[in-house]
Amino acid sequence: MGRVNDLDYAEKRARLEDLAPEALAELEAEEEEDEYDLPDLPNAEAHDEIRMRCAPNPNGPWHVGHARMPAVIGTYRERYDGWFCVRFDDTDPETKRPDLEAYDAILDDLDYLGFEPDATYTASDRLETYYDHARDLIELGGAYTCSCSGEAFSELKNSGEPCPHRDKDEATVREEFEAMVDGEYDSGELVLRVKTDIEHKNPALRDWVAFRMIDTPHPREDASEYRCWPMLDFQSGVDDHLLEITHIIRGIDLQDSAKRQQFVYDYFGWDYPDVIHWGHVQLDDYDVTMSTSTISELIEDGELDGWDDPRAPTLKSLRRRGIRGEAIVEAMTGLGTSTTDVDLAMSSIYANNRELIDEETDRRFFVRDGTQVPLAGDPPAEANPPLHPNHEDRGVRDIPVGDAVLLEAEDIPDGDENGEQRIWLKGFGCFRFDDGVLRYTADDIDVVREGGVDVVHWVPADGSVPVRMRTMDGDVTGHAEPGVGDLAADDMVQFERVGFARIDRHGDGKDAETVAYYAHP
RNA sequence: GCUCCGAUGGUGUAGUCCGGCCAAUCAUAUUGCCCUCUCACGGCAAUGACCUGGGUUCGAAUCCCAGUCGGAGCACCA
């Protein structure tokens, strides 16, 4: 037994293969099955092709929570060899006014996450389609124009009473709706309601609004002439059918939508897609709320530098910090699709990212708030720490050392004669701290192996690169070893004992700062 | 007020449909040890959960009822 446990995995597998090949096959088959993070889609086998949509409101670049939708439907698309589109549900030019730059910003965020939609639609291009369906619905007796104020209707609705407009004859409804389409009413004057069940036990489903008038022109020029706009439940319901969506995945805030839209589907004789609702996601570690409008305000007020400020919980921010989209996608699919609210730990995104980048990311020294200490005792002229501890083949860094180094204050020995006064400058050698000077001792590495002498990171006082590292908790300044000045923007480094960071840009001229963005430990 | 959901360790998740294989899976987190020219990686170990109360049953995380807590909708927002 003990001998078996001492074997490593490959050996155990080989031994098992000899002894009981069928048991091994079974074990490995089980492992295969377990590889999915996400549950099976309901009724997947009933469709030739799984078709899904991601339907954002383009009112700003995406925050981290938005990544959940593409992560999940993108993963399902791969798993079922399916299809998904992006559909911009931009049918409110006023309250949720679209931001013209957000359309491309969202597609860009999607690309960062590693997904390309099979098609892209924009609801504000499709108003004529919605009008046509409204006309059909009116003909089926499924809708009526209503001039009640929101308040008055709400009161009637809550007591389960129909409003006087409910029995309007079809010709009048048709006529008034055409006048709505032609923009002959002002905002608030008239709406088109779907006739559902005014006594339905759930008040949320009673005769909801399908179209309303909006005076403010849509920001997209192609849509700026329209004044009669569909509500989400109508627009989205019609589009989901026309795009042959088989599976809708969305938040619990739209829990009642399916039931509302079901009335329209019934009038038209359509089958409603399968729906999955999930709860809200919260992120730990951030002071800023994950909300597009809040972030947008903070940027406007100058509290944040922009959508990619390291303190902003946005995809642009994570991207700038050098976190791969894949790390976010994995964290998101790991959340599953439960209807409960969930807290996503940033540490799980970091752990995924570390796994992706650790092997390929070279090590560098970065000393925060360095204290200068002179060297003595004739040390070597150059230090040569490895680029990566697990990859000797990549070679070493050549760090020319002058007559002084910068150290972090806590790494400098305390000068107490009773304590160990030697430190090992990594990749360089052993020094004894004496009277404010580090004197080279020429001890070999055994003094470290035997314990007692601490290894510290350091940079030469001359030739090091001033660095401003931007973090979630504010900027950190210090100096990185000279070679960092030669790295390209976008290169990742691991500052030893500090963490992973992405090189953002180098400054111009002498003494100009290099800017790096901190990713994670 | 009316109507829907949901509840497994610090976090996420598996198991719940079809009760026993669950003194509960995996990941992450935290701690300790090993490895190591710091960190990271890797290895080993520890920590830590079935919301509460009833019921059904030989047996309940799983089924039933009640309660508690949490979330969502009842918009001319998405």
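Above this text sits the structure in question.
Here we summarise the structure given alongside this text. Everything quoted here is computed from the prediction, not taken from an experiment.

### Regarding the overall build of chain A
Okay, so step 1: Regarding its fold elements, chain A presents 15 helices and 27 strands.
Okay, so step 2: The 521 residues of chain A split such that 48% are buried.
Okay, so step 3: Expressed as a percentage of contacts within chain A between residues at least 6 apart in sequence, the contacts between residues at least 24 apart total 68%.
Okay, so step 4: Surface exposure of chain A reaches about 25,400 Å², of which carbon and sulfur atoms provide 42%.
Okay, so step 5: In chain A, the 51 positive side-chain charges and the 119 negative ones have mean positions that sit 1 Å from each other.

### Things to note about the protein's contact with RNA strand B
Okay, so step 1: Not every one of the 56 residues close to RNA strand B is listed here, only the nearest: Lys 96, Arg 212, Thr 340, His 457 and Gln 494.
Okay, so step 2: Restricting the count to atoms of RNA strand B within 4 Å of the protein gives a sugar and phosphate share of 70%.
Okay, so step 3: Within the backbone of Val 456, a nitrogen or oxygen atom sits 3.2 Å from a base oxygen of RNA strand B.
Okay, so step 4: One of the side-chain nitrogen or oxygen atoms of Gln 494 is found 2.3 Å away from a base oxygen of RNA strand B.
Okay, so step 5: Going through the elements one at a time, α7 (150–158), β6 (209–213), β11 (342–344), α14 (346–357) and β21 (454–456) are the ones with two or more residues in the surface near RNA strand B.

### So, the packing of aromatic side chains
Okay, so step 1: Enumeration according to the criterion identifies 17 aromatic pairs in this entry.
Okay, so step 2: On the numbers, 5.0 Å between centres and 65° between planes, the contact of Phe 88 with Tyr 103 is edge-to-face. Separated by 15 residues along the polypeptide, Phe 88 in strand β2 (residues 83–88) and Tyr 103 in helix α5 (residues 102–113) bring together distant segments of the chain. Each member of the pair, Phe 88 as well as Tyr 103, carries the same accessibility label: buried.
Okay, so step 3: Three or more aromatic residues joined by ring pairs make a cluster, and in this case those are Tyr 131, Phe 177, Phe 211, Tyr 226, Trp 229 and Phe 234.

### A short note on the sheet that holds strand β13 (residues 366–368)
Okay, so step 1: Pairing is mixed across the open sheet formed by 7 strands, whose spatial order is β12-β25-β26-β27-β23-β24-β13. What marks the edges here is a single partner per strand, and that holds for β12 (363–364) and β13.
Okay, so step 2: α14 rests against β25 (492–495), β26 (499–505) and β27 (514–520) of the sheet, and its axis sits at about 115° to β27.

### Focus on the pattern of salt bridges
Okay, so step 1: Applying the stated criterion across every chain, the model contains 43 salt bridges.
Okay, so step 2: Of the charged contacts, one joins Lys 316 and Asp 108 as a salt bridge, the two residues approaching to 3.5 Å between their closest N and O atoms. One end of the pair, Lys 316, is in helix α12 (residues 315–320); the other, Asp 108, is in helix α5, with 208 residues separating them in the sequence.
Okay, so step 3: Its salt-bridge partner being Asp 233, residue Arg 260 comes within 2.7 Å of it at the nearest N-O pair. One end of the pair, Arg 260, is in helix α10 (residues 257–268); the other, Asp 233, is in helix α9 (residues 232–242), with 27 residues separating them in the sequence.
Okay, so step 4: Under the relative-accessibility criterion, Asp 233 is labelled buried at 11%.

### Concerning helix α8 (residues 170–181)
Okay, so step 1: Look at α8: 16 Å from first C-alpha to last across 12 residues, which is about the 16 Å you get at 1.5 Å a residue.
Okay, so step 2: Within α8, burial applies to Val 173, Glu 176, Phe 177, Ala 179, Met 180 and Val 181.
Okay, so step 3: Elements that come into contact with the buried residues of α8 comprise α6 (127–139), β4 (143–146), β5 (191–194), β6 and β7 (228–230).
Okay, so step 4: After α8 finishes, the residue Gly 183 shows a positive phi value of roughly 80°.

### Some details on the environment of Asp 104
Okay, so step 1: Within the secondary structure layout, Asp 104 lies in helix α5.
Okay, so step 2: For Asp 104, a relative accessible area of 58% gives the class exposed.
Okay, so step 3: For the pair Asp 104 and Glu 155, spaced 51 residues apart in the sequence, the C-alpha separation amounts to 42 Å.

### Overview of the side chain of Asp 239
Okay, so step 1: Among the structural elements, Asp 239 can be located in helix α9.
Okay, so step 2: Among the polar contacts listed, one links the side chain of Asp 239 to the side chain of Arg 126, at a separation of 2.7 Å.
Okay, so step 3: Apart from residues no more than four positions distant in its own chain, Asp 239 is found in contact with Arg 87, Arg 126 and Tyr 130.

### Side note on the nonpolar core
The tendency in soluble globular proteins is for nonpolar side chains to be buried side by side.
Okay, so step 1: Grouped together as the largest cluster of nonpolar side chains are 49 residues, with contacts concentrated most on Leu 318, Ile 323, Ile 328 and Ile 349.
Okay, so step 2: With 46 residues, the next largest nonpolar core counts Val 194, Met 213, Ala 223 and Ile 248 among its residues.

Reading the values: the criteria
- Residues numbered from 1 in each chain as written.
- Chains lettered and ligands numbered in written order.
- Predicted model: local features only at pLDDT ≥ 70, side-chain atom pairs only at ≥ 80, totals over all residues.
- Heavy atoms only, no water.
- Helix = DSSP H or I, 4+ residues; strand = E, 2+ residues; numbered from the N terminus.
- Buried < 20%, exposed > 50% of the residue type's maximum accessible area, 1.4 Å probe, protein only.
- Contact = heavy atoms within 4.5 Å.
- Areas by Shrake-Rupley, 256 points an atom, 1.4 Å probe, with all protein chains shown as cover.
- Lys, Arg positive; Asp, Glu negative; His and termini not counted.
- Charge placed at Lys NZ, Arg CZ, Asp CG, Glu CD.
- Near = heavy atom within 4 Å.
- Polar contact = N/O pair within 3.5 Å; in protein donor to acceptor, adjacent residues only side chain to side chain.
- Phe/Tyr/Trp six-rings, centres within 6.5 Å; stacked < 30°, edge-to-face > 60°.
- Pairing = 2+ DSSP bridges.
- Axes fitted to C-alpha atoms, helices over the stretch in contact; angles between N-to-C directions.
- Salt bridge = Lys/Arg side-chain N within 4 Å of Asp/Glu carboxyl O.
- Expected span 1.5 Å × (residues − 1).
- Core = buried A, V, L, I, M, F, W, Y, C linked by side-chain atoms within 4.5 Å.

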